[in-house]
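Architecture at a glance
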Amino acid sequence: MAKIAKLARLHMEPDRLEAMTTELNRILSFVEELQAVNTENTPPMTSVMPMKLRQREDKVTAGGDAEAVLKNAPQRQGDFYTVPKVIE
């Protein structure tokens, strides 16, 4: 366990090494159990609950009122936000 902790760049107190070894062995045993499960006919999914994104009508607009959008801008130049230069 000391070597694994060193490779992971974790500071491990010597009196915790035995307990951590036991915990790591439990985790690895669980991973082995999971690998034994046949998932060949299981479709990939992103969530356990079926979800559908709400959609809105896609329509072209004039973009709204620039003055209202820029009302709280800390700095502006005409109808645009002014931001600090990041790359020189």
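1. Re the confidence of the model for the chain
- Looking at the chain as a whole, the pLDDT averages 86, with 99% of positions reaching at least 70.
- Here helix H3 (residues 66-69) stands out as the least confident element of the chain, with mean pLDDT 83; helix H2 (residues 17-35) is the most confident, with 91.

2. So, the environment of Asn41
- Turning to its location among the elements, Asn41 is positioned in the loop between H2 and H3.
- Between the C-alpha atoms of Asn41 and Met20, which are 21 residues apart in sequence, the distance is 36 Å.

3. Here we look at unusual backbone geometry
- With a phi angle near 55°, Arg9 is a residue other than glycine that sits in the positive phi range.
- Residue position: Arg9 is located in the loop between helix H1 (2-7) and H2.

The rules we used
- Residues numbered from 1 in each chain as written.
- Predicted model: local features only at pLDDT ≥ 70, side-chain atom pairs only at ≥ 80, totals over all residues.
- Heavy atoms only, no water.
- pLDDT = per-residue confidence, 0-100.
- Helix = DSSP H or I, 4+ residues; strand = E, 2+ residues; numbered from the N terminus.

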